[in-house]
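Read off the chains here:
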Amino acid sequence: MADSVAEIQKAKKLYFFIGMLLFFFTVVTVLVATVEALDFGDHGFDGVDATIGLIIAAFKASLVMIIFMHLNHEKPLIYFFYGLALLMAFFCLWLIGWSKSDPIQFGNPTKVDGFYNPANPATDVHD
Amino acid sequence: MEIPFVVNARKDTGLNNSKVGIWLFLASEVTLFGGLFSGYLFLRLYADYPWPERALPILPGLINTFILIGSSVTVVFAWAALKMREWRKFQVHMSITIACALGFMVLKAIEYNAKFSHHAVRISDSGPVEGYGILEGHKKKVVLEENDRLHVVHKENGKYPEESFDANRIVFKASEMTFTLTRPVHDAFVIEILKQAAKRDSKITLVEDYAVMDEDQIGKDGAEKTKVLKAGDELTTDALDKAENVFLDSRAHDSAIRTNFEKASWAWIRDEKGIDKPGYNIIDLEVWKERRKEDNEKLKPLMIGAESGITFRVEPALTLILEPSWMTSNGRNTEQLKLRDDTVIKGEMLESPMILGVDAIDFSFTAMRAREQGLDPAAVIEKSWIVQEPQLKAIWENHQEWLKGETARLAKKDREPSDLDKYRVTWQKIVAYGQAKEADPDADLAKMAEEQTLALPGWLDGFAGADHYNPEMVKHFPEVSIPRDKVDFESTFTPKWNTYYAIYFTITGLHGLHVIGGMIVLGYYLFFGRKMYDSNPDWLANRVEVGGLFWHFVDLVWIFLFPILYLM
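These numbers come from a predicted model, not from an experiment.

### A word on the overall build of chain A
Consideration 1: Within chain A, the secondary structure is distributed over four helices and zero strands.
Consideration 2: Element order for chain A, N to C, with α for helix and β for strand: α-α-α-α.

Structure follows, in structure tokens:
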């Protein structure tokens, strides 16, 4: 972490640059969602747009963590705390995703048309 | 007492204690928000209705993203200023950070307010499928005219008439009401009914005496019941309370006798008949059933047996204006209403439509249900009540015209319209169709869609949604009278409406609390940090760094929330 005056002055430039980068990628995310020329995949919102949006968000979050939160200069103990928490959070998300991919109950998970697709619509509709 | 290791690092961890503390706290925050994001994923993947995609206005969310990113930069600048011993610069950067936090909360409040005042109604009649179409908009205000009909009123001098009420009430001409004494929770309803009766000079009086046998008179020859209330007594909360108390006492007396008989029978079947089995086996035995029959005959003369209902007559018949949420009946029985306390009001349902300034039509759910049943969504939608209503029909026809052009335009790019395009008519489209037809009644919307010349309102025209205070916009939102029997469910855009708004308010509400918490902590350093700065500037710098870490985390959460809630 920057400690001397010269280092801090240098770091300030980096913080400003990262701030601008975050602004830029926010605009990119909105453009991908709203401008037709940048609408990848099918017309309108779909899995491709979701993936792009989340990749950009993850990149922005990484910049905040590494530069603003000084994770690029931290001690191993901090990585341990943070890594464990992230692991827990990802496990929760994976668990939900995994339950949805159960082919016995939910039919073919690749058949995505924007609507709920139960294997047997007569019996599998959840109220 | 001196707190150790607030500036210098401990040898074992290589960190000062404040930093270890904040990172442990942030780790717990990661798991908390991780759990909430999992909750979001769960609700979205398992939603049994089409998830509202891009349902929120983007601009407030986008500005808030800029605000939080900007404040993340200024908070780190504030820390750098302290490290360089520049108090004035620290003050400037920290002030900007706090101003950003305030700005964020103001925008959030505007956004929430728009949701609290915007309504959605499920229309029950969706033709051959068990689905519903949705109408969105703002409820109108009405007054009840002399002829018991509702009349829409508008603001005069910035105010609605005093006697006006939301155009979503049940209007019922009551001639008789029966209160159930087993549920003594009538007060709120009775007070409101009496208030309305006083306004309209109606009298609510007891039909028959309410009389109950005194406990010590039971079994005596010539004993008479004591009159608790007399026929003709007026309805008051006190009168009802009196009847309720007497009824509850008599019921307690009867229950005690019944229990004693049952206990005796239980002992008899065990001791005399030698049957010692659990209760659920005994109740099926013939011997038990016969014994209970005998018990019931013996019980009768010992019981008080007070009436559990008490009926009042309303003269002249009173036109009541009641909240739909008061009812357990759905308003489809036109001769009788049932309130939540089981009070039954008899009379005649008057026309009680919900009158809505409609700013969006949504058939996504109808389409989903139609597809599940192997039906053509378009054919199903054509049969729904919404498309039969003349004003909404005109909008839907305009939309179909636009969709034709849009389909042709997209076909040239090997694409096709999304379900959102097909089945949801947004307020922007309603305004655009209206403006196009206003400029030229013969405007070809299909051609305009194909040539992309149809001008949709911009982001600033409806900052937090359709602007119902702008007359130029409102004139395109038809005032639709929805018959009571078509209103399946109505709500503002709050957790009551669907799981999307439940998770939206949960996550953004919790995030908002974090913003407020961060603002308080950083504000403390700004306004009360000078003394610490003068005594030990590194200590304050460390504190600001720790507060800043929390602030960056708040920004980090929003970085994910913005695309997930506003763009997906």
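That shown, we press on.
### Remarks on the overall build of chain B
Consideration 1: Scanning chain B for helices and strands turns up 18 helices and 16 strands.
Consideration 2: A compact globule built from 568 residues should have a C-alpha radius of gyration of about 24 Å, whereas chain B, at 33 Å, is more than 25% larger.
Consideration 3: Its C-alpha atoms give chain B principal-axis dimensions of roughly 100 × 85 × 55 Å.
Consideration 4: Among the 568 residues that make up chain B, the fraction classed as buried is 35%.
Consideration 5: In chain B, the proportion of contacts linking residues at least 24 apart, taken out of those at least 6 apart, comes to 73%.

### Structural notes on the packing of helix α1 (residues 5–34) of chain A against helix α2 (residues 58–83) of chain B
Consideration 1: At their nearest, the axes of α1(A) and α2(B) sit 10 Å apart, and the two run at 175 degrees to each other. Between α1(A) and α2(B), the angle falls in the class roughly antiparallel. Touching A:Ile8, A:Ala11, A:Lys12, A:Tyr15, A:Phe16, A:Gly19, A:Leu22, A:Phe23, A:Thr26 and A:Val30 of α1(A) are B:Ile58, B:Leu62, B:Thr65, B:Phe66, B:Ile69, B:Gly70, B:Val73, B:Val76, B:Phe77, B:Ala80 and B:Lys83, all from α2(B).
Consideration 2: Its residues assigned to classes, the contact of α1(A) with α2(B) comprises 15 nonpolar, four polar and two charged.

### Observations concerning the interface of chain B and chain A
When the parts of a complex come together, some accessible area is lost, and that lost area is often used as the size of the interface.
Consideration 1: On the chain A side, the residues contacting the 55 residues of chain B number 49 residues.
Consideration 2: For the side of chain B that touches chain A, the leading source of residues is helix α1 (residues 17–45) of chain B, giving 13 residues.

### Examining the sheet that holds strand β10 (residues 309–322) of chain B
Residues and elements named next belong to chain B.
Consideration 1: The strand order β7-β10-β6-β12-β11 describes an open sheet built from five strands, whose pairing is antiparallel. The open sheet has two edge strands with one neighbour each: β7 (203–206) and β11 (336–338). Between one strand and the next, the sheet's axes are offset by a mean angle of 20 degrees, whatever the strand orientation.
Consideration 2: Packed onto the sheet, helix α4 (residues 187–199) meets β7 and β10 and runs at close to 60 degrees relative to β10.

### Some words on the packing of helix α16 (residues 499–528) of chain B against helix α18 (residues 537–567) of chain B
All names here are of chain B.
Consideration 1: At a minimum axis separation of 10 Å, α16 and α18 run at an interaxial angle of 160 degrees. When the axis of α16 is compared with that of α18, the two are roughly antiparallel. The handedness of the crossing between α16 and α18 is left-handed. Facing α16, whose interface residues are Tyr-504, Ile-507, Thr-508, His-511, His-514, Val-515, Gly-518, Val-521, Leu-522 and Tyr-525, α18 presents Leu-540, Arg-543, Val-544, Gly-547, Phe-550, Trp-551, Val-554, Val-557, Trp-558, Leu-561 and Leu-565.
Consideration 2: The residue makeup of the contact of α16 with α18, split by class, is 15 nonpolar, five polar and one charged.

### Observations concerning the nonpolar core
Residues and elements named next belong to chain B.
Consideration 1: Judged by nonpolar contacts, the single largest core of 140 residues is most densely connected at Ala-78, Val-121, Leu-135 and Ile-361.
Consideration 2: The biggest single contributor to this core is α18, with 18 residues.
Consideration 3: Leave out the neighbours within four places in its chain, and Leu-135 touches Val-121, Ile-123, Leu-356, Val-358, Ile-361, Ile-386 and Val-480.

### Quick notes on the domain arrangement of chain B
Consideration 1: Under the domain assignment used here, chain B contains domain 1 (17–116 + 497–567), domain 2 (170–351) and domain 3 (371–481).
Consideration 2: Measuring from the centre of the C-alpha atoms in domain 1 of chain B to the corresponding centre in domain 2 of chain B gives 56 Å.

### Here's the deal with the environment of B:Ala243
Consideration 1: Structurally, B:Ala243 is set in helix α5 (residues 237–271).
Consideration 2: When the C-alpha atoms of B:Ala243 and B:Asn296 are compared, they prove to be 26 Å apart, with 53 residues separating the residues in sequence.

### Let's talk about the sheet that holds strand β5 (residues 165–166) of chain B
Consideration 1: Overall, antiparallel pairing links the three strands, which are arranged β4-β3-β5 (chain B) in an open sheet. Of all strands in the sheet, those with a lone pairing partner are β4 (150–153) and β5 of chain B, marking the two edges.

### Side note on the pairing of strand β13 (residues 354–362) of chain B
Residues and elements named next belong to chain B.
Consideration 1: Taken across its nine residues, β13 has eight buried, putting it largely inside the fold.
Consideration 2: Inspection of the sheet shows strand β2 (residues 133–139) paired to β13 by six bridges, in the antiparallel sense. Looking at the pairing, Gly-137 lines up with Val-358 of β13.
Consideration 3: Where β13 and strand β15 (residues 479–482) come together, four bridges link them in antiparallel fashion. Bridging from a neighbouring strand, Leu-356 pairs with Val-480 of β15.

### A short note on α16(B)
Given 3.6 residues to a turn, an α-helix orients residues that are three or four positions apart in the same direction.
Consideration 1: The end-to-end C-alpha distance of α16(B), which contains 30 residues, comes to 43 Å, matching closely the 44 Å that a straight helix rising 1.5 Å per residue would cover.
Consideration 2: If you check which residues of α16(B) are buried, you get B:Tyr500, B:Tyr501, B:Ile503, B:Tyr504, B:Ile507, B:Thr508, B:Val515, B:Gly518, B:Met519, B:Leu522 and B:Tyr525.

### Quick look at the confidence of the model for chain B
The predicted coordinates of low-pLDDT regions are not to be read in fine detail.
Consideration 1: Of the residues in chain B, 99% have a pLDDT of 70 or more, and the chain-wide mean is 92.
Consideration 2: Across the whole predicted complex the pTM is 0.84, and at the interface the ipTM reaches 0.82.

### Focus on unusual backbone geometry
Residues and elements named next belong to chain B.
Consideration 1: Omega for the bond connecting Glu-315 with Pro-316 falls within 30 degrees of zero, at -15 degrees, which places this linkage in the cis form.
Consideration 2: Turning to its location among the elements, Pro-316 is positioned in strand β10.
Consideration 3: In this model, Phe-5 sits at a positive phi of 55 degrees, which is unusual for a non-glycine residue.
Consideration 4: Checked against the element boundaries, Phe-5 lands in the segment before α1.

### Remarks on the environment of B:Lys242
Residue and element names in this part refer to chain B.
Consideration 1: Relative to the elements of secondary structure, Lys-242 occurs in helix α5.
Consideration 2: Looking at Lys-242, the number of C-beta atoms within 10 Å reads 15, which means it is partly exposed.
Consideration 3: Taking C-alpha positions, Lys-242 is 61 Å from Asp-376, a pair spaced 134 residues apart along the chain.
Consideration 4: If we ignore the near neighbours within four places in the chain, the residues touching Lys-242 are Val-228 and Leu-229.

### Looking at the environment of B:Ile503
Residues and elements named next belong to chain B.
Consideration 1: Here Ile-503 lies in helix α16.
Consideration 2: Put simply, Ile-503 and Arg-44 are 459 residues apart on the chain and 9.7 Å apart in space, counted from C-alpha to C-alpha.
Consideration 3: Ignoring anything within four residues of it in the chain, the contact list for Ile-503 reads Gly-39, Tyr-40 and Leu-43.

Thresholds, definitions, all that
- Every chain's residues receive numbers from 1 upward, in the order its sequence appears when written.
- Following the order in which they are written, the chains are lettered starting with A and the ligands numbered starting with 1.
- Owing to the predicted nature of the model, reporting of local features is limited to residues with pLDDT of at least 70; listing and counting of side-chain atom pairs is limited to 80 or more, with chain, interface and lining totals taken over all residues.
- Secondary structure elements are defined from DSSP: runs of H or I of at least 4 residues count as helices, runs of E of at least 2 residues count as strands, and each element is numbered from the N terminus.
- C-alpha atoms define the radius of gyration in this analysis, and the globule rule sets the expected value at 2.2 Å times the number of residues to the power 0.38.
- Whether a residue is buried, exposed or partly exposed follows from its count of other C-beta atoms within 10 Å of its own C-beta, namely 20 or more, 12 or fewer, or something in between, respectively; the C-beta atoms are built from the backbone.
- Contact between two residues is assigned whenever their backbone-derived C-beta positions fall within 7 Å.
- All axes here are fitted lines through C-alpha atoms, helices being fitted over the stretch that makes contact, and every angle between N-to-C directions spans 0 to 180 degrees.
- In what follows, roughly perpendicular refers to angles from 65 to 115 degrees, roughly parallel to angles under 35, roughly antiparallel to angles over 145, and oblique to any angle outside these ranges.
- Residues are sorted three ways: Asp, Glu, Lys and Arg are charged, Ala, Val, Leu, Ile, Met, Phe, Trp, Tyr, Cys and Pro are nonpolar, and all the rest, Gly among them, are polar.
- When DSSP finds at least two bridges between two strands, those strands are taken to pair.
- The hand of a helix crossing depends on one turn: near helix anticlockwise from the far one by less than a right angle means left-handed, and clockwise means right-handed.
- For our purposes the nonpolar core covers buried Ala, Val, Leu, Ile, Met, Phe, Trp, Tyr and Cys residues that link as a set through C-beta atoms within 7 Å.
- Per the annotation, domain bounds derive from an automatic or database assignment of domains.
- Expected span, for any helix, means 1.5 Å times one less than how many residues it has.
- Confidence scores labelled pLDDT are given residue by residue by the predictor and lie between 0 and 100.

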